[in-house]
Structures are given as C-alpha cells and as structure tokens.
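The residues making up each chain are set out below.
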There are 2 protein chains.
Amino acid sequence: MGLVVQKYGGSSVADSERIKNVAQRIVERKRAGDQVVSVVSAMGDTTDELIDLAGEITDNPPKREYDMLISTGEQVSVALLAMAINELGEDVISLTGHQVGIITDDLHSKAKILEIESDRLEEELAKDKIVIVAGFQGVTIDNDITTLGRGGSDTTAVALAKAIDAEVCEIYTDVDGVYTADPRIVENARKLNDISYGEMLELASLGAEVLHPRSVEIAKEYNIKLAVRSSFNDSKGTYIKEVSELEKVNVVSGVTCNKDEVKFTLLGVPDKPGIASKVFSELAEVGINVDMIIQNIHYNDVNDITFTIDHEDFEQAHSILEELKDKLNYRELISDVNVAKVSIVGAGMSTNPGVAARMFEALGRGEVNIEMISTSEIKVSCLIEENEADQAVEAIHNEFELDEE
Amino acid sequence: MGLVVQKYGGSSVADSERIKNVAQRIVERKRAGDQVVSVVSAMGDTTDELIDLAGEITDNPPKREYDMLISTGEQVSVALLAMAINELGEDVISLTGHQVGIITDDLHSKAKILEIESDRLEEELAKDKIVIVAGFQGVTIDNDITTLGRGGSDTTAVALAKAIDAEVCEIYTDVDGVYTADPRIVENARKLNDISYGEMLELASLGAEVLHPRSVEIAKEYNIKLAVRSSFNDSKGTYIKEVSELEKVNVVSGVTCNKDEVKFTLLGVPDKPGIASKVFSELAEVGINVDMIIQNIHYNDVNDITFTIDHEDFEQAHSILEELKDKLNYRELISDVNVAKVSIVGAGMSTNPGVAARMFEALGRGEVNIEMISTSEIKVSCLIEENEADQAVEAIHNEFELDEE
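Notes on the structure in this doc start here. (Residues numbered from 1 in each chain as written. Chains lettered and ligands numbered in written order. Predicted model: local features only at pLDDT ≥ 70, side-chain atom pairs only at ≥ 80, totals over all residues. Heavy atoms only, no water.)

Details of the sheet that holds strand β15 (residues 290-297) of chain A
Residue and element names in this part refer to chain A.
Turning to step 1, where the next piece is worked out: With respect to topology, 4 strands assemble into an open sheet ordered β15-β16-β14-β17, the strand pairing being antiparallel. The open sheet has two edge strands, β15 and β17 (332-336), and neither has a second partner. When strand polarity is set aside, the average angle formed by the axes of neighbouring strands in this sheet is 15°.
Turning to step 2, where the next piece is worked out: Lying on the sheet, helix α10 (residues 314-328) is in contact with β14 (261-270), β16 (302-310) and β17; it crosses β14 at an angle near 0°. (Pairing = 2+ DSSP bridges. Helix = DSSP H or I, 4+ residues; strand = E, 2+ residues; numbered from the N terminus. Axes fitted to C-alpha atoms, helices over the stretch in contact; angles between N-to-C directions. Contact = heavy atoms within 4.5 Å.)

In structure tokens form, the structure reads like this:
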C-alpha cells in the first residue's frame, strides 16, 4: 500500500460534473490499495470572481483581507469534493490550510510555507480516510489566513508529500504532461516522458504554466518524485526525477516563453556604492522578485540599471521606484510592459558548447531583437518584444528539432 | 466611549453598494466615539447558492462538509466589509468564527456556542480597530468548522456582546423593528417601541423572523440590552428589555405565524412506559427539536402521539420514526406538512384571564379549525391548516386591536 499526494487544479474541478469525475478517480485509487491525500484548487473562475467582488469595493484591498476573501474558493471546492467522495461510499474528510497545519510567513498573497504540523492529517489517514486538502492557503503563527500566490496549490501538494513522506506527488491538470513547447503556440510540440528537477525548475520559473517553481524546488530538495498528469484521461504523463534517473539527457528539452514580465530602466543613476542594492532591497522587502538585471556603466559616473519583474507587481514596484527618485538622484524611470522572455532549457547544455549561439542565430534569422540575456548552467533566456514571442518560440523549437525524440 | 456589538443580516450586505453603506454606518459610529464590533451574515443569497452547489453533488451531504461549505459565505462578506471600511480610512480587521474563538459543540449545522475565547478580539479592540466578525459559525474543540443554524448570526452577536461586556447589542435588518404582526400579512401592523425579553423569546421561537430565539435567551440570561433596527434608515427601532423597564405591559403584544412546522402522528402506540420517551429521545439525539405534543389515550391500551417539528428536519425525523416502527410496534405513521402555528404573545396575559378564549373565538368566527393548542405564561399557540394561516393572523390582530397603541 502506497501513500500518494495528488493535486487537482481549478479546471479539473470547474463544475459539479468534473468534481464527481475527480471523486471517482480518487475513490478508484483508494480502492486499488493506496492511501490518498488530494490537494484541490478553487473551482474554475471562482478566484477571479472573488477578485472582481473585491474590485467593486476598492482598488487597493488590504492583503490580509484579500487572503481572507480568496481563500474561501478552495474551502468551497474541498467541501464539495468531500461530499462527492462520501456519496461514492468512501470515508473522507476535507481540511482547510489551517486545519491541516500549514504554517506560513505573513507575506499575504504570496506567503511561503514555514512548516506543516501534520498531526491532524496523519490522524485522519490512520483512520483510513481519504483526506481532501484546500490548496493555496495556510495560516501565520498568529492564525491569520494567508495565500501562497500563483500556483500555490502545487506547493501545498509537494510540501505535504514531504511532510508525510509520500511515495509520489501527482499534479493533475488539463494537459497530458510537460511539452517541448506550449502546444497552443507550437503545433508539433512533443510530450516529454521525463525531465530532471533542474530543467523543470527552470521551465517552471520561466513561465511554463504546468508547475509552480516553488513546488519543484521543494520536490528537488527532498527528492520527492513528481508527476504531471491529465485529470481527463489515463495518459502516463511526465515524471520529474534526478538527472541520473532520466531515460536520456537532452541538450535542449524545451523552449518556453513568459509574457508576464515587465521591464524597468533607471536612467542616469549616480555610480556610488550601495545604490543598486538600495533599489533591489526595497523591492525585496515587499516580496517583489527581480528576474533579469543589466547594469551599464556610462561616462560621467552615471549608470543605467535595467531589470525585469512580474507584471502583477508592476504598480507597486513603480511607486516604490518613483519614491526612490529623490533619494537615489537618478534621472529618469522608463518602463515597458510589452516584453517577453523566451528561454531554452536542457540538462545536457553545460557539456555541449554553442547552444546559446544557435539560439541567438535562430532569433537573428527571424529578425527578432534581443534586449537582455541571462544564462545558467542549463538555460539561456532572451528578453524580446512581446509581439515577436510566438514566432521566436517556433523558430527555436525548429532550430533544435524538438519535435523529434 | 461605549462598546457596541452590531449585527448586519444578509440583506444589509447583499451587494457591494450595501456593503459600502454598512461600512459608512460603522465608520460614523466609530468616529462618534464608540468601539464597534460588527457581526455579519453572508451576502444576500450566497448561502442558498452554496446549498444549491451541494445539491448538484448529493442530496445528503455530510453535515461537517456542509458546514465547511456554507461557512465560506460569511468569510466572504467580512473580508469585503473590512476592505470597504479600510477604504474609508479606519483601522479594521475581519475575523472568522475560528479566529474570534467561538467554540461550539459538534452538532454540525445547528451547533451551540459553548464558550468564546475572546483574547484575540480584545487585543484588536485594544489596538483601537473596528472588528468585523463572521456570524453564524464557530469551531469544535477539534477545530472543525460548525454553523449555528438559522439565525445563527444573531446568536453570535449576543454571545459576543456578553463575552466582551458590551453596552448594547444592535441587530440591523431590513425592517424597522419588531411589529405587532408581519406587515406583509397584516397591513395595519404597528411597530413596537419596546418589548420584554420573554415576549421576544416567544415571538422569536414562534417564527417571527426578526431575531433568533437562542440570541434572545442569551440576552435575557445575561441582561444584555438588545435593539432591532433597520440598516437602511435611522429609525429608533425596537428595544428588548426587562418587563420592569417597559413603557407599558401589553396583554397581547403581537401575533405571529410559523409555517415551517410539520406534524407527525403515530397511530396505535402500545401504552407502555417509556415508549413516548423513546420516540423523543431518539429525535433529540440528532438535535431535532420537538415543539407541540399531544397524546390521546384510547381503548385497548393504545395511544396516538401527535407532535410537530421544524420542516427542515422532516426527512431525517421521518426515517427515524420509520425505523422505530418495529421496535415500538405502533400501527401507522401519518405526517402533514401543510400546517401552520399561529400564536399570540403578551407579558400581561398571565394577569388577564380570558385571552386564550378570545383568540379561539376569533378563529372560530373565521371557521378556522384548531388542531393542537399549547400555552405558556405569556403565549397561546394554535396549530391550524397552512392555507388558513394569513386570515387567522389578521383576525386575531383585529380581535385584540393591535394596530392601536
């Protein structure tokens, strides 16, 4: 008998029929002899509807109250799923983030899990119950409800899998697995049977919407076997493993694109020590993640600093940067929301020189201008204009012949 | 500076405009110098919509999961109201039943408050914050979410008023106060300026939808001044006080009608000791309240037992009674859902003989058949056919000239 943690996303539980379908899958798994903990997101558009409700009241909801509001979405879906499983005759209990003991920091709307007090969960499993857990949410040590930000239910699932030492963590979604590129953009994109934690981490961070990077990080750190599978069919999906366990190490496993970044440039920043760190520490303090950074040294001891962040932090970052203008004495703030980051990822890249050059050539042939570049051992990213993103992804996919196994 | 607990019902927060209106009222009260704790129900039809969602999944949701589901309604409204108050520039925090420390028994969907651990609430008040509390909900000592059943937000408000020793508990609703009869049925019904706890308790128990009986009980027990007021105007409302504090003690203060009862008759029950208690103890065990009871002794040592309960418990009670058939060896079970209970209530009734007789005469003149009668010191109730209920209420209202002060 195995212990499995599953996660079902919002589209898998979008309406009562789909909830019944998920209930059936869970019950079958249980009857096959496994112990099942299922983490569930809010139904379909529920979260957006709640955000709209808040929007009717204010443009700037306090984040604590925002979390109080949107965490109800998952509470509704776990209760309904538990009802559906009960209807099929299995013992089941639903638990909120608070009840399952998910303790987070107090960075509301993008909180991080600090620990999981899994006593209650293990108690319920010991009673042989199926346990349904509200994803995306936790509580601070002061008992205030938090949410984990985008993709938080994945993080909940992996963190639970670690806490209760599950054999595998299965992420159920509306796609069959991880592809070489977004099939909506590249027609001949191919499903990968397996991929390394490192590659998946890069893909997730780069905007492939299948898994949340934090969840992959946790899985990698604790060596939790992850699977991405469809909740609508029985396809094998994609397994995420150690490099050493892969069928084959690819030079390039996939190409991905993130259109949710925005670019800021601070022009004419005095070249004194501590200026750049001041900018980035103020952003970090409110939980804004900076992605790509370039600093050009000019004449007259002034610099230009260019960097990118998530679109959702745009307004907050903008006002922080405006406020810093007098303190830092920079000349001008420029922003550009029409940018996209295309990236290639491959575990075999570090031992195969010339991969980045081939990517740049493919972009050059398509007359795509590269604004920023960043690289790691297993990825190369280029910031380009947003309206050229799809053709760029396709050109790179063709260059590396990713449609072929 | 006073400490006031307010309660706003679902119609007072039915949409974002009304939520803003309530926020404005609360902020004005705060700025006038009072400390304000506001208990809020779910927005308008939210609870019914959630119940419909459950209905798409199953006809028999486990009550624990049902509470998990519908308690989200209040969590949404408190978060939105807190956002609206924050938007007006006042410090505010919303708290769920769990966060505010409302501990209940585990009778899900009709739980009773056992105690309130009000530390958090008092902490937030000490920080000079407005506190918005989710009504209708609590948690068991095992941390499972419970709901208090119909009118539970009133109970939350009064119990909180007691816990933090508030000066007054104001129940805001969509009517101006307590009337001599339902104005939708009796055109010339008159608003009462004040009424005694005892009368209000009877009225509440008898189906006047203004206040929940449990809330009046608690207010009476701890001598908490209650007011029923409209959230749409500044009318003075109705104050609920000790009899000794009333402007005038009425022989009959009001006439009310409850169409939510159903009648069961067990025919041919063997006349042995313990039979009746068996029936009623089995119902009590699952939290079903029995209201009126009649037992007729027949020849041949068999009885007929007739009693009424809430309509919402009909199905559960029906199956319990069916199951008891063999054990108790009764002959037949009859039920009637088309009944209504009309009642008169008056603190001066006990010292004015002949009141019940006048009520029966008024019903007789209208050719309304009386099926059951029950009385207390300050009320007389008659069970009649449901389709005669409205005319019966009007006839009684006229008989006692309740439109005149």
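Regarding the pattern of salt bridges
Turning to step 1, where the next piece is worked out: Enumeration over the complete set of coordinates arrives at 52 salt bridges over all chains.
Turning to step 2, where the next piece is worked out: Of the charged contacts in the structure, one is a salt bridge between B:K278 and B:E282, with a shortest N-O distance of 3.1 Å. Here B:E282 and B:K278 lie together in helix α9 (residues 275-285), a separation of 4 residues that amounts to about one turn.
Turning to step 3, where the next piece is worked out: Judged by relative accessible area, B:E282 falls into the partly exposed class, the value being 23%.
Turning to step 4, where the next piece is worked out: The network of salt bridges with common partners includes A:R64, A:E65, A:D144, B:R120, B:E124, B:K127 and B:K129. (Salt bridge = Lys/Arg side-chain N within 4 Å of Asp/Glu carboxyl O. Buried < 20%, exposed > 50% of the residue type's maximum accessible area, 1.4 Å probe, protein only.)

Notes on empty space enclosed by the protein
Turning to step 1, where the next piece is worked out: Evaluation of the coordinates by the stated rule reveals 1 cavity of 30 Å³ or more.
Turning to step 2, where the next piece is worked out: What the largest cavity holds in volume is close to 240 Å³.
Turning to step 3, where the next piece is worked out: For the largest cavity, the lining is made up of 21 residues, of which A:Q75, A:T96, A:I145, B:Q75 and B:I145 are closest to its centre.
Turning to step 4, where the next piece is worked out: Contributions of two or more residues to the lining of the largest cavity are made by β7 (137-139) of chain A together with β7 (137-139) of chain B.
Turning to step 5, where the next piece is worked out: Taken together, the residues of the lining of the largest cavity break down into 4 nonpolar, 17 polar and no charged. (1 Å grid on protein atoms, 1.4 Å probe; cavity = no way out; pocket = protein on both sides within 12 Å on 5 of 7 lines; lining within 4 Å. Points joined across faces, edges and corners; volume = space filled by probe spheres on them. Nonpolar A, V, L, I, M, F, W, Y, C, P; charged D, E, K, R; others polar.)

A look at the interface of chain B and chain A
Turning to step 1, where the next piece is worked out: At the interface, 42 residues of chain B touch 42 residues of chain A.
Turning to step 2, where the next piece is worked out: Of the roughly 3300 Å² buried between chain B and chain A on both sides combined, carbon and sulfur atoms contribute 62%.
Turning to step 3, where the next piece is worked out: Joining chain B to chain A, the criterion identifies 2 salt bridges.
Turning to step 4, where the next piece is worked out: Between A:D144 and B:R120 there is a salt bridge, and its shortest N-O distance comes to 2.8 Å.
Turning to step 5, where the next piece is worked out: The interface formed by chain B and chain A includes 21 residue pairs in polar contact (both at pLDDT 80 or more).
Turning to step 6, where the next piece is worked out: Where the side of chain B that touches chain A is concerned, the elements lending two or more residues are α1 (16-31), α2 (46-57), α3 (63-70), α4 (72-87) and β3 (92-95) of chain B.
Turning to step 7, where the next piece is worked out: Residue contributions to the side of chain B that touches chain A peak at 11 residues, all from α4(B). (Buried area = accessible area lost by both parts, 1.4 Å probe. Polar contact = N/O pair within 3.5 Å; in protein donor to acceptor, adjacent residues only side chain to side chain.)

Brief notes about the environment of A:N300
Turning to step 1, where the next piece is worked out: When you line up the elements, A:N300 lands in the loop between β15 and β16.
Turning to step 2, where the next piece is worked out: Sequence spacing of A:N300 and A:G33 is 267 residues, and the spatial spacing of their C-alpha atoms is 72 Å.

Re the packing of aromatic side chains
The geometry of an aromatic ring pair is captured by the separation of the ring centres together with the interplanar angle, meaning the angle of the planes.
Residue and element names in this part refer to chain A.
Turning to step 1, where the next piece is worked out: Within this structure, the stated rule accounts for 8 aromatic pairs over all chains.
Turning to step 2, where the next piece is worked out: Centroid distance Y8 to Y172: 4.8 Å. Interplanar angle 15°. Geometry classified as stacked. Of this pair, Y8 sits in strand β1 (residues 3-8) while Y172 sits in strand β9 (residues 168-173); the two residues are 164 residues apart in sequence, bridging distant segments of the chain. For the pair formed by Y8 and Y172, the shared burial category is buried. (Phe/Tyr/Trp six-rings, centres within 6.5 Å; stacked < 30°, edge-to-face > 60°.)

Overview of the side chain of B:S41
All names here are of chain B.
Turning to step 1, where the next piece is worked out: Inspection of the secondary structure puts S41 in the loop between β2 (35-40) and α2.
Turning to step 2, where the next piece is worked out: Among the polar contacts listed, one links the side chain of S41 to the side chain of S153, at a separation of 3.0 Å.
Turning to step 3, where the next piece is worked out: Those residues within four positions of S41 in sequence are excluded, and the remaining contacts are K7, Y8, G9, G10, V13, E74, S77 and S153.

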